[in-house]
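For reference, the chains in residue letters:
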Amino acid sequence: MAHTVARGVKISVAGIVQGVGFRPFVYTLARRLGLVGSVVNSGRGVEIRLCDAGPQVSRFLELLRSEAPALARISAIEVTATEVEAVTSFVIGASSMEEGATTMVPPDIATCDDCLADIFTPGNRRYHYPFTNCTNCGPRLTIIRQLPYDRVRTSMAAFTMCPECSREYHDPGDRRFHAQPNACPACGPRLAWHDRQGRALGADSEALASCARALARGHIVAIKGLGGFQLAVDAASERAVRLLRQRKNRPAKPLAVMVPDLERASGIARISDQEQELLVSPGRPIVLLRRRPSPLPDLLAPSTDELGIMLPCTPLHHLLFAMDQCPPVLVMTSGNAGGEPICTDNREAFCRLAGIADFFLVHDRDILTRVDDSVARVVRSRLQMIRRARGYVPMPLGVRQVDRHLLACGAEQKNTFCLARDGQVFPGQHIGDLKGPDNMVFFEESVRLLEQVLDVRPERVACDLHPDYLSSRFGAGLGLPLVRVQHHHAHGAAIMAEHGLAAGLAVVFDGAGLGPDRTVWGGEFLRLQGHRYERCGRLARFRLPGGDQAAVQTWRAGLSLLAAAGVDITRQDLLPPGLQTLPPSLRKAIATMLGRGINSPLCSSVGRLFDGVAALIGIRQEVSFEGQAAMELENLARRAAGSRQEREYPVLVRQEELPVLDFGPMVRSLLEDIRRETEPALMAAAFHAWLTASVIAVLETLEGAGNRIENVLLGGGCFQNRLLLAGLARRLEEKGLAVYSGEQVPVNDGGIALGQVLAAAGEEPAGEWCLRAGEAAAGGRS
């Protein structure tokens, strides 16, 4: 039967407009304005057709933006005149499938206040139901198989809605109208309680009560959350925390905690207004906060005065805290053995976590995408994302220079990847250290799944310059045009991409990255212009005896700094007390390695400089996790804040082929302070002040040579150091410079992939490195 057609308009809305209640909003808005037509999900977003709309179209478009759901993000609206089916009402139509889907996937969203009211209201049919959700909250990315976002394309397809849920789903006046994960106790996912052998012991509310009792008794429980399993213990029990550390083989790395509400959080940490907003935001990240004195054991975060705190993000977590016996503060850490991906499948968890957890609280809703908890903090009144994952991924960033489908593979550690298309870059979730077969499987499955969900078909691949990074090998093996991007260039480019800058002077301080001169870079001053860069300054080089061993045994960097400063490290009487215990034969062997360059690569790494200084002061000679020595050095330095006994170490910038920041005078002064038995906190603070002053001196040297500097980009893992970032930014701003750093995207290696996207977007794949022509004189290659 032929349909009658009429004049009308087609409105295509792009952005995050699926899974956020956008179609119900459009339906209600159209009915309010007396418009007729239809709205459907499409592979490109949402498509609206209005019939004989007349002058009301302008009003409709105005309200479409101004009254859109809070979680929606409209990136573009396109309006075209067309013929539409003549109808007499407004309807929500079936989703349309099409090639070249370009819509955006919403992240998982923390439980809204309305759903909280449902689960805590006796008599409500969702009373104490741990999988309650609506169009304003609940799982999204973690349950999606493919767009358009409809129930049949999610892991909720396994659950047929009961008549009451179906009525809500199809009622335009209900907040669960087209809420794809909609469910209730009669038709939805269920909880189960298992022992460490995987034997079922209980279900539903009984499972929650059993979990609370087990935690109160000091047991370790593996809890299946939104994006994977979490390991939980009573945070106030030092014995339970110690047991978790032993079983997880995590001796010192800080553990995050979950608390039921802001009142409990403010009792254990100092919280600013901005930090409070971050804690209660829909993403519900772990927020790094300054600890208050409390009964919680120092063992939670022994290396720092900060504590990672998060609020519940699912009904399950809210209900757990509501159980009578549940401890009020719980450790919530990733459900994995050290260095492995987080578990998502019940059977996988029973197998891999049996040596850690005593009990398991599981459910039968499949997790299709692994996503760990995000970690963030507030520095200089700005967000600083440390780990971008649940609640944020895969929210895109607009990068106008990207005009093609592209995959960026990221770094080796703290890995994330990025997919790009049509001016949008989609950072993938935090993967972590790629070493180990399970981690590479996680990486590859995440790339493939997000490519499928976003319908991105890469035409070009970007990877790190280091050919032996597993991410680089993966990129090179795809058979696509390949662009290798220098590590520190990518750090700076990531900040440019996030802030929409065309140029800047990047100060990039981190642990290590391969330079085009085949030395280890990590203390770099780079001039960035578009997708090109030029090295224009660096830290003085020193050797790393034992190579990668020096990143774990910090005394190696300490000895190397002394040797580079002219100290005879074979003489015990010239060494600080912390290094005097090293056997003479070992010190002699290290001296030989340094003198002859045997297994001792040259580096200009500020990360290893931090390690060496920590070893000299006597803070730590070995580390159990990356950044531990630097974290403890910063923590020690903060204790000296406001001291009247401030120390000042000499700054020296040498002119070689480019300005070189010489640490020699600082090391010799530090050694004198150690001999005088100066307070360690004062020396730690003096080192931070020296590094800040040294950066200023290098920039003044560059300006004195005729270089105009307006934008300064602070990148690399060392700028996770709050003291360094805030202090240096303040000094730079006092000089009238604009300062930028990573905010939505981490400054650590989690931001590398974004920088690779920007660098590779304009670089021809035939080039082996993305460098500015003529950089060969500075140790590079054009």
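Note that this is a predicted model, so its numbers are computed, not measured.

The rules behind each value
Residues numbered from 1 in each chain as written. Predicted model: local features only at pLDDT ≥ 70, side-chain atom pairs only at ≥ 80, totals over all residues. Heavy atoms only, no water. Helix = DSSP H or I, 4+ residues; strand = E, 2+ residues; numbered from the N terminus. Rg over C-alpha atoms; globule rule 2.2 N^0.38 Å. Buried < 20%, exposed > 50% of the residue type's maximum accessible area, 1.4 Å probe, protein only. Contact = heavy atoms within 4.5 Å. Lys, Arg positive; Asp, Glu negative; His and termini not counted. Charge placed at Lys NZ, Arg CZ, Asp CG, Glu CD. Pairing = 2+ DSSP bridges. Axes fitted to C-alpha atoms, helices over the stretch in contact; angles between N-to-C directions. Polar contact = N/O pair within 3.5 Å; in protein donor to acceptor, adjacent residues only side chain to side chain. Phe/Tyr/Trp six-rings, centres within 6.5 Å; stacked < 30°, edge-to-face > 60°. Lys NZ or Arg CZ within 6 Å of the ring centre and 35° of its normal. Core = buried A, V, L, I, M, F, W, Y, C linked by side-chain atoms within 4.5 Å. Expected span 1.5 Å × (residues − 1). Parallel < 35°, antiparallel > 145°, perpendicular 65-115°, else oblique. Left-handed = near helix turned anticlockwise from the far one by under 90°. Nonpolar A, V, L, I, M, F, W, Y, C, P; charged D, E, K, R; others polar.

Examining the overall build of the protein
Counting secondary structure elements, the protein contains 22 helices and 32 strands. At 28 Å, the protein has a C-alpha radius of gyration in line with the 28 Å of a compact globule built from 782 residues. If you line up the protein on its principal axes, its C-alpha atoms span 95 × 60 × 50 Å. Considering the protein as a whole, with its 782 residues, one finds that 61% of them fall into the buried category. If you take every contact in the protein between residues at least 6 apart in sequence, the share linking residues at least 24 apart comes to 71%. Seen as two clouds, the 87 positive and the 85 negative side-chain charges of the protein have centres 2 Å apart.

Observations regarding the sheet that holds strand S2 (residues 36–42)
Pairing within the open sheet is mixed, and its five strands lie in the order S4-S1-S3-S2-S5. Two strands bound the open sheet, and with one partner strand each, they are strand S4 (73–85) and strand S5 (90–92). Taken pair by pair, the neighbouring strands of this sheet meet at an average axis angle of 15°, ignoring direction. Pairing of strand S1 (residues 5–16) with S4, which is carried by 12 bridges, proceeds in the antiparallel orientation. Note that in S4 the partner of glycine 8 across the bridge is threonine 82. This element, helix H2 (residues 56–66), spans S1, strand S3 (45–51) and S4 of the sheet and lies at about 155° to S4.

Here we look at the environment of aspartate 171
By the secondary structure assignment, aspartate 171 is in the loop between helix H4 (163–170) and strand S6 (191–195). A relative accessible area of 28% means that aspartate 171 is categorised as partly exposed. Among the polar contacts made by the side chain of aspartate 171, one reaches the main-chain amide nitrogen of glycine 173 at a distance of 2.9 Å.

Remarks on the packing of aromatic side chains
For the structure on display, the rule yields 13 aromatic pairs. Note on phenylalanine 509 and phenylalanine 525: the rings are 6.1 Å apart at their centroids and 80° apart in plane angle, and the pair reads as edge-to-face. You can see phenylalanine 509 sitting in strand S24 (residues 503–514) and its partner phenylalanine 525 sitting in strand S25 (residues 520–529), a full 16 residues away along the chain. With a relative accessible area of 1%, phenylalanine 509 lands in the buried category. Note on phenylalanine 525: relative accessible area 0%, which makes it buried. Taken together, Tyr27, Phe90 and Phe177 form an aromatic cluster joined through their ring pairs. Across from the ring centre of tryptophan 521, 3.7 Å away, lies the NZ or CZ of arginine 535, which sits over that ring.

Comments concerning the nonpolar core
If you look at the biggest cluster of nonpolar residues, it comprises 97 residues, and the most contacted ones within it are Phe22, Ile48, Leu50, Phe60, Leu64 and Leu361. Broken down by element, the residue count for this core peaks at eight residues, all from helix H11 (residues 437–454). Not counting chain neighbours up to four residues away, the residues in contact with phenylalanine 60 comprise Ile11, Val26, Leu29, Ala30, Leu33, Leu35, Ile48 and Leu50. Residues Leu670, Leu671, Phe719 and Leu737 belong to the second largest nonpolar core, which totals 72 residues.

Section: helix H5 (residues 204–216)
Relative to the 18 Å expected for 13 residues at 1.5 Å per residue, H5 spans 19 Å between its end C-alpha atoms, a close match to the ideal helical length. Those residues of H5 not exposed but buried are Ala207, Leu208, Ser210, Cys211, Ala212, Ala214 and Leu215.

Here's the deal with the sheet that holds strand S21 (residues 424–427)
With respect to topology, six strands assemble into an open sheet ordered S18-S21-S20-S19-S22-S23, the strand pairing being mixed. A single partner strand is all that each edge strand has here, and the edge strands are strand S18 (397–398) and strand S23 (482–485). Docked against the sheet, H11 engages strand S19 (406–408), strand S20 (418–421) and S21, running at close to 25° with respect to S20.

Structural notes on the packing of helix H14 (residues 554–564) against helix H16 (residues 584–596)
One can describe the packing of H14 onto H16 by two numbers: an axis separation of 11 Å at closest approach and a directional angle of 60°. Judged by the inter-axis angle, H14 sits oblique to H16. Both H14 and H16 take part in a crossing whose hand is right-handed. Contacts between H14 and H16 involve Trp555, Arg556, Leu559, Ser560 and Ala563 from the former and Leu586, Arg587, Ile590 and Leu594 from the latter. Taken together, the residues of the contact of H14 with H16 break down into six nonpolar, one polar and two charged.

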